[in-house]
Amino acid sequence: MFIIKSDYGLSEVGHDRIVKWTRSILPEGNRLKENFYTAKSMMKPRGYRKIDMCPNFCMLYYLENAKLTEYRTCGHSRYKPRTNREKTLVVHKKLKYFSFTHRLQRLFMSPKTIEHIIWHHSFNAVDGVIVHPSDGEAWKHFNSMHPHFSVESRNMHLGLRTDEFNPFGSFVASYSC
């Protein structure tokens, strides 16, 4: 519905009328949201924590630094200067930290993402050709060591690879995977 609303420039009222009509023809107990506002609230990111940070990106106000009011590294103040009308302190910059668990949960919300996540389970590999990490020896070894984990196709194998990885583009080697 969001894509249709966006593609055709529908107003919120138009969106709500289409949803109302659609809900009238769907069976009882359907899970289609009642209006644009409730559907939009479902799309908002949840499960994140706000952490104050230095505007110069040199420090986070987290754990042992949570109660500081001035950055140790650069001496910059944590809060913006107050005007006469402001009653609360306003932080210069905030970081939204999404936990790893919530990131994975959001991945599983989309049916298209699920197709990609379980692809390795149904794909028939050609011997001697590696087209996916699941064709490699490390993956096969892991599956043989942990058969209870590898039975479920939706369990995710996570790996870390750092050779030739260049996130900022400041080196000669380009990104490769």
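Owing to the predicted nature of the structure, the values given are computational and were not obtained by experimental measurement.

(A) View of the overall build of the protein. Of regular secondary structure, the protein possesses eight helices and two strands. Taken from N to C terminus, the helices and strands of the protein fall in the order α-α-α-β-β-α-α-α-α-α. Across the 177 residues that make up the protein, the buried fraction comes to 15%. By sequence separation, contacts in the protein at least 24 residues apart represent 34% of the contacts at least 6 residues apart. Total accessible area on the protein stands at roughly 14,700 Å², and carbon and sulfur atoms take up 57% of it.

(B) Summary view of the layout of surface pockets. Estimated volume of the largest pocket: approximately 530 Å³. Looking at the largest pocket, it is lined by 16 residues, and the ones nearest its centre are Phe2, Ala39, Met42, Met43 and Met109. Those elements that provide at least two residues to the lining of the largest pocket are α1 (2-7), α2 (12-25) and α3 (36-43). The leading source of residues in the lining of the largest pocket is α3, at three residues. Split into classes, the residues belonging to the lining of the largest pocket amount to 10 nonpolar, three polar and three charged.

(C) Region of interest: the state of the cysteines. Counted according to the given criterion, the structure contains zero disulfides. With no disulfide partner, Cys54 has as its closest neighbouring cysteine sulfur the one in Cys58, 3.3 Å distant. When its relative accessible area of 0% is taken as the criterion, Cys54 is described as buried.

(D) The arrangement of the confidence of the model for the protein in detail. Per-chain confidence: the protein averages 79 in pLDDT, with 88% of residues scoring 70 or above. Of all the helices and strands in the protein, helix α6 (residues 119-122) carries the lowest mean pLDDT, 77, while α2 carries the highest, 92.

(E) Region of the structure containing the side chain of Ser150. Tracing the sequence through the fold places Ser150 in helix α8 (residues 147-150). Within the local environment of Ser150, its side chain forms a polar contact with the backbone oxygen of Asn143, the two atoms lying 3.5 Å apart. A distance of 3.3 Å separates a polar atom in the side chain of Ser150 from the backbone oxygen of Pro147. The contacts of Ser150, once residues within four sequence positions are left out, are His121 and Asn143.

(F) Geometry of the packing of aromatic side chains. The final tally for this structure, using the stated rule, is three aromatic pairs. Measuring from ring centre to ring centre gives 5.3 Å for Tyr48 and Phe98, while their planes differ by 50°; the resulting arrangement is tilted. Placement of the pair is Tyr48 in strand β1 (residues 48-53) and Phe98 in strand β2 (residues 93-98), with a sequence separation of 50 residues. Tyr48 gets classed as partly exposed once you look at its relative accessible area, which sits at 29%. Note on Phe142 and Phe149: the rings are 5.5 Å apart at their centroids and 90° apart in plane angle, and the pair reads as edge-to-face.

(G) Up close: the side chain of Asp135. Turning to its location among the elements, Asp135 is positioned in the loop between α6 and α7 (137-145). We note that Asp135 is buried and unpaired, the nearest opposite charge coming from Lys140 at a distance of 5.9 Å.

Conventions we followed
Residues numbered from 1 in each chain as written. Predicted model: local features only at pLDDT ≥ 70, side-chain atom pairs only at ≥ 80, totals over all residues. Heavy atoms only, no water. Helix = DSSP H or I, 4+ residues; strand = E, 2+ residues; numbered from the N terminus. Buried < 20%, exposed > 50% of the residue type's maximum accessible area, 1.4 Å probe, protein only. Contact = heavy atoms within 4.5 Å. Areas by Shrake-Rupley, 256 points an atom, 1.4 Å probe, with all protein chains shown as cover. 1 Å grid on protein atoms, 1.4 Å probe; cavity = no way out; pocket = protein on both sides within 12 Å on 5 of 7 lines; lining within 4 Å. Points joined across faces, edges and corners; volume = space filled by probe spheres on them. Nonpolar A, V, L, I, M, F, W, Y, C, P; charged D, E, K, R; others polar. Disulfide = S-S within 2.5 Å. pLDDT = per-residue confidence, 0-100. Polar contact = N/O pair within 3.5 Å; in protein donor to acceptor, adjacent residues only side chain to side chain. Phe/Tyr/Trp six-rings, centres within 6.5 Å; stacked < 30°, edge-to-face > 60°. Lys, Arg positive; Asp, Glu negative; His and termini not counted. Salt bridge = Lys/Arg side-chain N within 4 Å of Asp/Glu carboxyl O.

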